[in-house]
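# Structural characterization, general
The primary structure of each chain is shown beneath.
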Amino acid sequence: MIKYDTFRLGNGLRVVHNYDDSTAMVAVNLLYDTGARDERDDLTGLAHLMEHLMFAGSENAPDFDAVVEKAGGTDNAWTSADFTNFHEVAPAVNFETLIFLEADRMSRLSLTQENLDVQRGVVIEEFKQTHLSRPYGDSEHHLRPMLFTRHPYAHPTIGSTIEHIERTTLDDILDFYRRRYAPDNAVLAVSGHVTLAEVRRAVERWFGPIERVGVAPRTHAQEPPVSEPRRKVVRGRVPHARLTVAFPMGGYAEPGYREADLLTDVLASGKASRFYRRLVMGSELFITADASIMGSEEPGHLMLRAELTDASDEAVERALAMLVDEASRLCHAASEEHPDGLTEHELRRAKNRHASQTAFSLVSCADRALALAMAEMHGEDINRNEELFEVLTVGDVTRAAREIIRPERASTLVYLPEA
């Protein structure tokens, strides 16, 4: 049971506090409700570029990292299609320094042409290193436009093309910053050896004067239903054939999301999983086999992936059939009619695995702060999360599987080695 308190400032900032006297440290986590889905289709990569610029310094802290280091702390950040997250960990005695830093860059970020030029160069090099030079690095650039024909999830978080990053202007960045990085679009979580009174005083002092912006509701296009299979074959400098099969499913708050999470655990989590036992160990064709959900706020996909020992057409078709067939067996509960259906034992194992992963993810104050911020962003009680998984039955999971694993709606990416 995680004990925590919440309060909200007049400017809309939501704050979560967790007191932990077992540590001398404190973690500060600031989660913004903005990501790649908030970009224009013709100017992508803004949210990720903004993440880099948020470390370029602010009016009262020209060198953000240096101030964190002097406080004895560390810091980092990440960007996704849905969120942008910043976090720091330092001795609790210096926690107000972290609060001050986050407030200063929320309201007084140093967005100059020089800083933009420097960070744009860093992001372009990252784009080349992680997406153009790395084997399979551009998979998302091939897959996402096939999965999403209208929704902004179609472009990867780093951006659709380097050209978009190159032509991003200072005005573009300033507009994005002023519209999205505001107290009424964020959740601040603090976990560690500081009291609620100390946190409230520091947050009101540094964040209180920042004005709300009145974040506009999202109006982007929604993805129409998939009516027929989609397929794309690409070749590149890769060692093995890699397959990805994606089935449309609901977003985080929609029915079937948790069921799909457990479903992928049954398929691919650990050496007792079906994919490992039946495909990787039970066949010479599979090097790896995995299953996951996109984990998106808006409708996403359940993904099946595999790497193969054989890149021939016959092997690829056989592997695709085996992947989908193995997943499709979970559309029914185990019975005489469906002897390979989902069993109570498999579901119990998936629930236990999820519960243990959740428990371990809440051990450190840094991970706990992120989990609390995300729960508050979703309007949830973090202590009820496992209850929502625990009550799911074999019937619930198999019904979700039948709704999601439908070959007529599958999108398939076949990534082959160059001839």
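Scroll up for the structure.
For the structure given in this document, a descriptive report is provided here.

Rules used in this analysis
Residues numbered from 1 in each chain as written. Predicted model: local features only at pLDDT ≥ 70, side-chain atom pairs only at ≥ 80, totals over all residues. Heavy atoms only, no water. Salt bridge = Lys/Arg side-chain N within 4 Å of Asp/Glu carboxyl O. Helix = DSSP H or I, 4+ residues; strand = E, 2+ residues; numbered from the N terminus. Buried < 20%, exposed > 50% of the residue type's maximum accessible area, 1.4 Å probe, protein only. Pairing = 2+ DSSP bridges. Axes fitted to C-alpha atoms, helices over the stretch in contact; angles between N-to-C directions. Contact = heavy atoms within 4.5 Å.

## Observations concerning the pattern of salt bridges
Following the criterion strictly, the structure yields 32 salt bridges and no others. The salt bridge partner of Glu307 is Arg242, with a shortest N-O separation of 2.8 Å. Of this pair, Glu307 sits in strand β10 (residues 300-308) while Arg242 sits in strand β8 (residues 241-249), and the two are 65 residues apart along the sequence. A residue is classified by how much of its surface remains accessible, and Arg242, at 23% relative accessible area, is partly exposed. Across the pair Glu403 and Arg406 runs a salt bridge, and its minimum N-O distance is 3.5 Å. Glu403 gets classed as partly exposed once you look at its relative accessible area, which sits at 47%. A relative accessible area of 27% places Arg406 in the partly exposed class. Here the salt bridges do not stand alone but share partners, grouping Asp33, Arg37, Asp38, Asp82, Arg180, Arg218 and Glu298 into one network.

## Here we look at the sheet that holds strand β1 (residues 5-8)
Strands belonging to one sheet form pairs held by backbone hydrogen bonds; the direction of such a pair is parallel or antiparallel. Strands sit in the order β1-β2-β6-β3-β5-β4 across an open sheet of six strands; the sheet is mixed. Either end of the sheet is taken by a strand with one partner, and the two such strands are β1 and β4 (74-79). On average, adjacent strands in this sheet sit at an angle of 15° to one another, irrespective of strand direction. Across four bridges, the pairing between β1 and strand β2 (residues 14-19) is antiparallel. Following the sheet pairing, Asp5 is matched in β2 by His17. Packing against the sheet, helix α8 (residues 196-206) makes contact with β1, β2 and β6 (186-192), and its axis sits at approximately 20° to β1. This element, helix α13 (residues 365-378), spans β1, β2, β3 (25-32), β4, β5 (84-91) and β6 of the sheet and lies at about 30° to β3.

## Things to note about the sheet that holds β8
The sheet built from five strands is open, its strands ordered β7-β11-β8-β10-β9 with mixed pairing. In the strand order of this sheet, the two ends are held by β7 (230-236) and β9 (286-293), each with one partner. Looking at each pair of strands side by side, their axes are set apart by 15° on average, direction ignored. Where helix α9 (residues 257-268) meets the sheet, its contacts fall on β8, β9 and β10, and the angle it forms with β9 comes to roughly 165°.

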